[in-house]
Amino acid sequence: MVNFKNRDVISITDFSPEEILDLCGLGKVMYDLEKSGRRYNSEYKFTVKRKLASFFCESSTRTRLGTNAAMYELNGVFDGFSGAEGTSLTKNETIRDTIMMANALHYDAIIMRHSKDGALQWAADVSQTPVINGGDGINEHPTQALLDMLTLYMYNNNKFDGLTIGFGGDLSHGRTIRSLSLALSHFDDITIRWAAEDFLGMPKDLSDLLQSRSVKVERLETVREVMSGVKFYYMTRPQTERMKDVSQEQVIEMMKKYRVDLSQVDGFDVRLMHPLPVNSKIAEIDYRVYFSPVQSFFKQAEFGLLLRKALLYEILKHDGYIQFSGKLDPKLEFGNNKLKREIKTRIKEGMFIDNILYGTCLDHLPSASAQGIADGWNLKDRGYFFVPANIPKTNKSFLKTDLIDPTERELKSAAIKAPDPTVNYIKDGKVISKFVYLLCKNDNCITRAVNEDVPPKFYNDDGTIRCRYCRRPYTLKNQKVSETELKSFVQSLPKSVNPL
Amino acid sequence: MVNFKNRDVISITDFSPEEILDLCGLGKVMYDLEKSGRRYNSEYKFTVKRKLASFFCESSTRTRLGTNAAMYELNGVFDGFSGAEGTSLTKNETIRDTIMMANALHYDAIIMRHSKDGALQWAADVSQTPVINGGDGINEHPTQALLDMLTLYMYNNNKFDGLTIGFGGDLSHGRTIRSLSLALSHFDDITIRWAAEDFLGMPKDLSDLLQSRSVKVERLETVREVMSGVKFYYMTRPQTERMKDVSQEQVIEMMKKYRVDLSQVDGFDVRLMHPLPVNSKIAEIDYRVYFSPVQSFFKQAEFGLLLRKALLYEILKHDGYIQFSGKLDPKLEFGNNKLKREIKTRIKEGMFIDNILYGTCLDHLPSASAQGIADGWNLKDRGYFFVPANIPKTNKSFLKTDLIDPTERELKSAAIKAPDPTVNYIKDGKVISKFVYLLCKNDNCITRAVNEDVPPKFYNDDGTIRCRYCRRPYTLKNQKVSETELKSFVQSLPKSVNPL
Amino acid sequence: MVNFKNRDVISITDFSPEEILDLCGLGKVMYDLEKSGRRYNSEYKFTVKRKLASFFCESSTRTRLGTNAAMYELNGVFDGFSGAEGTSLTKNETIRDTIMMANALHYDAIIMRHSKDGALQWAADVSQTPVINGGDGINEHPTQALLDMLTLYMYNNNKFDGLTIGFGGDLSHGRTIRSLSLALSHFDDITIRWAAEDFLGMPKDLSDLLQSRSVKVERLETVREVMSGVKFYYMTRPQTERMKDVSQEQVIEMMKKYRVDLSQVDGFDVRLMHPLPVNSKIAEIDYRVYFSPVQSFFKQAEFGLLLRKALLYEILKHDGYIQFSGKLDPKLEFGNNKLKREIKTRIKEGMFIDNILYGTCLDHLPSASAQGIADGWNLKDRGYFFVPANIPKTNKSFLKTDLIDPTERELKSAAIKAPDPTVNYIKDGKVISKFVYLLCKNDNCITRAVNEDVPPKFYNDDGTIRCRYCRRPYTLKNQKVSETELKSFVQSLPKSVNPL
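Remember, it's a predicted structure, so these values are computed and weren't measured experimentally.

*Asks:* Would you mind going over the overall build of chain A in detail, with residue names and values included?
*Replies:* From N to C terminus, chain A includes 14 helices and 17 strands. Taking 2.2 N^0.38 as the reference for a compact globule, 500 residues should give roughly 23 Å; the C-alpha atoms of chain A span a radius of gyration of 26 Å, in line with that estimate. For chain A, the proportion of its 500 residues judged to be buried stands at 53%. Expressed as a percentage of contacts within chain A between residues at least 6 apart in sequence, the contacts between residues at least 24 apart total 75%.

Quick look at the structure:
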């Protein structure tokens, strides 16, 4: 068995094929014990008392109660909250402080759900005890992916190689399909078939990625065509809560051809999966299908409990407990998001920096954005000298000010308004330091929540710059950065999210 | 002791007098242990770990915390939610799916509260583990009735025969008075006296039913008149939240004569009961009465804990646990709500079915309702042929369409608009099947919540047709069904709600 | 060790210096066990099962989860609610009934938070089991004060004498600074230094009180000046939720000079404390300070758990449990808020009482308030005779009515409109009883919540009349009470809040 001691569980992509197989193997052991009446087997029981923090900043029943249930079967306990009301989050408490509080209160592990992408990687960075991602925005929900894998494993002769699966419902707005297909992509000879309305279909980037990993991906016209070639059919709920400008009625219309009713499954020997809940108004699975032998989603829910039991056992089974230091890791303070540039030209007096001897100049800003930054920084009221200016005959602008050393929050608010600004620090009328300030461009990324004070961090994923938190790929905008500079920056980045 | 192993607790009317006496006897044992300092007596302790799902879709403190407390004293645990926010119910999850999830997560029993009448019978039908009704709409709250019985039992020399009780407050809008008086009606020589404002008085159907069971029921003018002839006085809170078009001020006015204050109890040796909470604005019990020796409602609350302890112990004391099958019982799919009619006349071409060779005709509809049904079925947009028509010189209408085999949801939505429609299935221009579609007429019945997909089911309660779920009596409307047809239908129904 | 068996924890001012030292000593033991890996030491474990009611009528994470965590480490359990939604409090249930319910459900202790000042003293008065104040309005939060004391104790060589501390942030709208400084005032040679914007500064009454107890209190201009003379700096969050007519933006402006950032702590060897949560929008502590060695607030959070563990252990460690009587203590019914006055003059016929033979006369009312009282009592609709009248050439009025013996609620509603009314009871046309009705003048005091039926009670705090519940000092208004009468009243009061 791979060593999972005190392991964070943030993204399904952090799991190697061996780890997935190991966990599924242990999940099967849990299931076998269940079936033989040994649910509370003494072998799988924590040797010391264990307490889980169950912090669901967004509401949850299934994941929350399932994780709690797993703790209970292992002889552990849990406490926490579901929904942000009634918590200090409404008093502007940061994730960092919430996590430190959980550590201070001697929780042995934390499961958390949060609306922002990447919030759970940040929580794990902060926490001195292991953190499990119970869902971060539309980003990841790794225990869902793992339980889906366990379900496939159980019903596919304890292996994944050669597996065929169909996807339906909403392949675009949720995290389930992405996570599961990425987990499967580790294995050999995987076939994915899908049929869905365009708006709900599989995103091209995912499709491309899977195919680059030798997964066979086929889009088909009808649900029956998909069914005809697969052993599993994975249906998902249209995530209406994440769609803008689309009504539930429109979604019902989109789903008309793609609902799973008896006529769609008739004659096929498939196992129908669904992460639940089914939306009973859309009824993406017709109620008559619930009574059909294809229905496998309730056992899937039980596998969820068993998988979480296996996972928590492996993470927390050891003796002793982590003592709380009360201190933050200094690595949490600094990002690696400053692409340093060579200072070729001094800013000329009379042109850029006028009478600024000490201060800051932001350039390479989109036209007209300089004033907005100055407003956001509140330079006028604070009594600073500043000049926002458009550069003639370009669509660029710059902002110069005698504010020295803007704060990280100020740089973030600038980068939100003007992506990839070049920041020049001026001393004695000369630029002494110059860099491009990189901030993840995913609007929902936790690094863009200014008050949370998450340092933007990136890593080098085989040549692609990715945000450490939401893991979206990063591309420079509005910048003429030399290839050498960029290459050198990419090489300076860590090769993966681990270690911090 | 009666065997309560894995018993569902849905309605107080499901309990026989022997069962009530048995439970009260065990409740008394629990109380005696409490008084002798043996709250955690090892004899009344689950032999295997037991976990209760505490699913309060409507908020609760007393019932929820009291049931949790009982589990704790028996060495069991609990988990769940209170209030629907923060749960998947807000994502349109059905009761069926919620219950199956609870089963999948290995809860040994479920207590649930839900706003719809009959929801808990449905939950019990679905569940593979025992279900306790923690309150369904205004329907039932059986553990409240049982704890009331225990209180009477304890203070009436461990018996019910010959008991005299007064009722006050709101006898009409709550479930307490109905359940308790029905439970008492099993026993001999019961006298009920009551006084209340007309709007809040005892419903005639209940009064009639009790008298048919030899309960002496007397309405009196004043609270003091009631007090003068009873050993117990059971006061209830006006259920303002269930009253339409009546303000709290109006209720306060109605209660003026009927509030229990010191002048009302002065000189009487009664025990004053109340299910709690008392509404402190209405103050149906004056605060000075709290200090009087008649006050017995706080002990009643403790008996609630002890009764629940006795009940849960009996339901869950056995060894082993129920393994989750993951499958729904096929009996959940089909209702017995189709009153089949002889096909005497074929629908004539040119008159009813025009050019419909294959399709459906709904008739015996109230005038002008046919169009509404067509709209609800969205026939126009879906491209079906249809004709809604009023039948001249009658107040009836019919709807014919080439839609074949409408779904259960479609039939329900039709029956909500037009009670007791006759449904004709047409094949080759002829009616091949004809039945009246029966749907419970209680607006708040769970079977009328279309998305929940509860199959309408009825039973034959000594000649009265009753809804399996909300248990309201059923009477046909707008139909000329022959006595023979009706009698044969009634005889085809099960004689009680058990078995499924 | 002082005996804390079944002790209520309502106000930090109830703790003697010895008690504080004892608790901190035990807190240190808990910490030493934690550090040596004996978190679940068998010595500090309840010998019988213990269950805590965790009733947070206002939301909480830190206090709630921390108290629960302490119960868990002691081998106890907890249950309850957070936030009033989903509880009977929304059905107008009183605190009294909520507490009695908790007693009936066999909770061994109750922690409660409530929006009204003094609500927890009332809860403790009612409860048969110990009650811990988890925060009542802006009044008290004694376990916060105790954990702050433990933190100081741990970092100040296990003593308080000679301690120097700085206060910052909001010294005016919260309860933290007041409670902590009062606790410190028991000890010798304490120095408090503070700097804050006027609106957020230390209230003069507190400053005076501390100085009367020989605490050295100094206001300084800047945070750095404060820092330069202290070993601890206690920062607090501006309590924007308790400020009227002040926006968060205005508060941010006020805090500009007083935020703790690196420049403020640079060069000082202080320990920075904060009760948490920090408001990340105001950022009263800059995020860079989190990484500085001065940061001590996360350990402070852990000391919170350890202090609560010590406290709960001492309160509940004994054998056995409290049996529920079901009865209210008769002392809860009567207040000592009626300042009796000598009946010098009979009310003259034809002048005050006209044709009232039996009834009530309220006088010494502010001009024009008599009519409002009559309206509040609904005298007209209820058919009583009444005369509200202004007394010519004064700014006073009186109300006479043939209503006999107004209820406590009626007297309260009168006293809310007209502070300190004189109440005359009239019999046979003569005043037979005459008193001033005293009601605490703190608008947020629980005694003024009419429906809660809390009897106004006062005590004699070394000559000062104080409300038993919110403990605010009381001063008569609009009354010419003789010194003798007043002195005799004060002497009749209990000398402290204990006993009831």
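*Asks:* Go over the interface of chain A and chain C, please, and point to the residues and values.
*Replies:* One frequently used descriptor of interface size is the decrease in accessible area upon assembly of the parts. Facing the 30 residues of chain A at the interface are 29 residues of chain C. Within the residue set of the side of chain A that touches chain C, elements represented by two or more residues are β2 (77-82) and α3 (95-104) of chain A. Here the side of chain A that touches chain C gets four residues from one element, more than from any other, and that element is α3(A). Across the side of chain A that touches chain C, the residue classes break down as ten nonpolar, ten polar and ten charged.

*Asks:* Describe the packing of helix α5 (residues 142-155) of chain B against helix α11 (residues 297-316) of chain B, naming the residues involved and giving the relevant values.
*Replies:* Residues and elements named next belong to chain B. Look at α5 against α11: their axes get within 8 Å of each other, and the N-to-C directions meet at 110 degrees. As far as their axial angle goes, α11 and α5 are roughly perpendicular. For the element pair α5 and α11, the recorded crossing hand is right-handed. Counting all contacts with α5, which are made through Thr143, Leu146, Leu147, Leu150, Thr151 and Met154, the residues of α11 involved are Gln300, Phe303, Gly304, Leu306, Leu307, Arg308 and Leu311. Partitioning the contact of α5 with α11 into residue classes produces eight nonpolar, four polar and one charged.

*Asks:* With reference to specific residues and values, describe the sheet that holds strand β12 (residues 386-390) of chain B.
*Replies:* Residue and element names in this part refer to chain B. Spatially, β10-β15-β14-β11-β13-β12 is the arrangement adopted by the six strands of the open sheet, whose pairing is antiparallel. Edge positions in the sheet fall to β10 (338-340) and β12, since each has one partner strand and no second. Taking the axes of each pair of neighbouring strands and ignoring which way they run, one obtains an average angle of 25 degrees across the sheet. Of the strands in this sheet, β11 (359-366), β12 and β13 (396-401) are in contact with helix α12 (residues 369-376), which crosses β13 at around 30 degrees.

*Asks:* So what about the packing of helix α2 (residues 62-73) of chain A against helix α11 (residues 297-316) of chain A? Which residues, and what values?
*Replies:* Residues and elements named next belong to chain A. Orientation of α2 relative to α11, taken along the N-to-C sense of each, is 55 degrees, at an axis distance of 8 Å. In terms of orientation, α2 and α11 fall into the oblique class. Along this stretch, α2 crosses α11, giving a crossing that reads as right-handed. Seen from α2, the contacting residues are Gly66, Thr67, Ala69, Ala70, Met71 and Glu73; seen from α11, they are Gly304, Leu305, Arg308, Lys309 and Leu312. The residue makeup of the contact of α2 with α11, split by class, is five nonpolar, three polar and three charged.

*Asks:* Tell me about the relation of the copies chain A and chain B, and name the residues and values.
*Replies:* Superposition of chain A onto chain B requires a rotation of 120 degrees combined with a translation of 0.1 Å along the rotation axis, giving an RMSD of 0.1 Å. Look at the turn and shift together and you get a three-fold axis relating the two.

*Asks:* Describe in detail the domain arrangement of chain A, supporting the description with residues and values.
*Replies:* Per the domain assignment, the segments making up chain A are domain 1 (12-140 + 304-324), domain 2 (143-300) and domain 3 (331-492). Between domain 2 of chain A and domain 3 of chain A, the C-alpha centre-to-centre distance is 43 Å.

*Asks:* Just give me the short version of helix α2 (residues 62-73) of chain B, but keep the residues and values in it.
*Replies:* All names here are of chain B. If you check α2, its first and last C-alpha atoms are 16 Å apart, about what twelve residues at 1.5 Å a residue would give, namely 16 Å. Of all twelve residues that make up α2, twelve are buried, and the element is covered over most of its length. Along α2, the positions that sit buried rather than exposed are Arg62, Thr63, Arg64, Leu65, Gly66, Thr67, Asn68, Ala69, Ala70, Met71, Tyr72 and Glu73.

*Asks:* Tell me what's going on with the environment of C:Gly201, and back it up with residues and numbers.
*Replies:* All names here are of chain C. Position of Gly201 among the secondary structure elements: in the loop between β6 (191-194) and α7 (204-212). On a C-alpha basis, the gap between Gly201 and Asp170 in space is 6.5 Å, while along the polypeptide they are 31 residues apart. For Gly201, the residues in contact, after removing those within four places along its chain, are Leu171, Ser172 and Ala196.

*Asks:* I'd love a proper account of the interface of chain A and chain B, names of residues and values included.
*Replies:* Opposite the 29 residues of chain A that make contact, chain B presents 30 residues. Of all the elements, α2(A) adds the most residues to the side of chain A that touches chain B, at six residues. Split by residue class, the side of chain A that touches chain B holds 13 nonpolar, nine polar and seven charged.

*Asks:* Residue-level account of the confidence of the model for chain A, with values.
*Replies:* In the predicted model, chain A carries a mean pLDDT of 93, and 97% of its residues have values of at least 70. Prediction confidence for the complex, expressed as pTM and ipTM, is 0.95 and 0.93 respectively.

*Asks:* Please give an account of the nonpolar core that cites residues and values.
*Replies:* Counting 433 residues, the largest nonpolar core has A:Ile110, A:Ala123, B:Ile110, B:Ala123, C:Ile110 and C:Ala123 as its most contacted members. With residues up to four places along the chain from it excluded, the contact list for A:Ala123 reads A:Ile95, A:Ile99, A:Ile110, A:Met112 and A:Val131.

*Asks:* Quick rundown of helix α3 (residues 95-104) of chain C? Include the residues and the values.
*Replies:* Extensive coverage of α3(C) is indicated by the burial of ten of its ten residues. Within α3(C), burial applies to C:Ile95, C:Arg96, C:Asp97, C:Thr98, C:Ile99, C:Met100, C:Met101, C:Ala102, C:Asn103 and C:Ala104. Of the surrounding secondary structure, the elements contacted by the buried residues of α3(C) are α2 and α11 of chain B together with β1 (51-56), β3 (109-114) and α4 (119-126) of chain C. C:His106 sits one or two positions beyond α3(C) and adopts a positive phi of about 70 degrees.

*Asks:* Hey, could you go over the sheet that holds strand β6 (residues 191-194) of chain A for me, with residue numbers and the actual values?
*Replies:* Residues and elements named next belong to chain A. The strand order β7-β6-β5-β8-β9 describes an open sheet built from five strands, whose pairing is parallel. In this open sheet, the two strands that pair with only one neighbour each are β7 (216-219) and β9 (271-273). If you compare each strand with its neighbour and ignore which way they point, the axes differ by 20 degrees on average. Relative to β6, strand β5 (residues 164-168) is paired through four bridges, and the arrangement is parallel. Within β6, the position partnered with Phe167 by the bridge is Trp194.

*Asks:* Explain the pairing of β11(B) residue by residue, including any values.
*Replies:* Residues and elements named next belong to chain B. The element β11 is largely enclosed, with a buried count of seven among its eight residues. As judged from the five bridges shared by β11 and strand β14 (residues 422-427), these two strands associate in the antiparallel manner. Paired with Leu362 across the strands is Val423, a residue of β14. Sheet topology places β11 next to β13; five bridges connect them, and they run antiparallel. In the sheet register, Cys361 faces β13, and the bridge partner there is Lys400.

*Asks:* Describe unusual backbone geometry, listing the residues and the values that go with them.
*Replies:* Residue A:Pro499 is bonded to the preceding A:Asn498 through a cis peptide linkage, with omega at -5 degrees. Cis geometry is found at the peptide bond from C:Leu276 to C:Pro277, where omega equals 0 degrees. Residue B:Asp245 is not a glycine yet carries a positive backbone phi of 60 degrees. Relative to the assigned elements, B:Asp245 resides in the loop between β8 (232-235) and α9 (248-255). The phi dihedral of C:Lys393 falls on the positive side, at around 65 degrees, and the residue is not glycine. As for its position among the elements, C:Lys393 is in the loop between β12 (386-390) and β13 (396-401).

*Asks:* Explain the pairing of strand β4 (residues 131-136) of chain C to me, and be specific about the residues and the numbers.
*Replies:* Residues and elements named next belong to chain C. The element β4 is extensively covered by neighbouring structure, given that six of its six residues are classed as buried. Two strands pair when backbone bridges link them, and β3 and β4 are joined in this way by four bridges, in the parallel orientation. Bridge pairing in β4 links Ile110 to Val131. For the crossover from β3 across α4 to β4, the handedness is right-handed.

*Asks:* Account for the environment of A:Arg271, naming residues and giving values.
*Replies:* Residues and elements named next belong to chain A. You can see Arg271 is positioned in strand β9. Residue classification places Arg271 among the buried residues on the basis of 23 C-beta atoms within 10 Å. Sequence separation between Arg271 and Lys49 is 222 residues, and the spatial gap between their C-alpha atoms is 39 Å.

What counts and what doesn't
- Residues numbered from 1 in each chain as written.
- Chains lettered and ligands numbered in written order.
- Predicted model: local features only at pLDDT ≥ 70, side-chain atom pairs only at ≥ 80, totals over all residues.
- Helix = DSSP H or I, 4+ residues; strand = E, 2+ residues; numbered from the N terminus.
- Rg over C-alpha atoms; globule rule 2.2 N^0.38 Å.
- Buried ≥ 20, exposed ≤ 12 C-beta atoms within 10 Å, placed from the backbone.
- Contact = placed C-beta atoms within 7 Å.
- Nonpolar A, V, L, I, M, F, W, Y, C, P; charged D, E, K, R; others polar.
- Axes fitted to C-alpha atoms, helices over the stretch in contact; angles between N-to-C directions.
- Parallel < 35°, antiparallel > 145°, perpendicular 65-115°, else oblique.
- Left-handed = near helix turned anticlockwise from the far one by under 90°.
- Pairing = 2+ DSSP bridges.
- Least-squares fit on C-alpha atoms with pLDDT ≥ 70 in both.
- Domains from an automatic or database assignment.
- Expected span 1.5 Å × (residues − 1).
- pLDDT = per-residue confidence, 0-100.
- Core = buried A, V, L, I, M, F, W, Y, C linked by C-beta atoms within 7 Å.
- Right-handed = clockwise from strand over helix to strand, strands pointing away.

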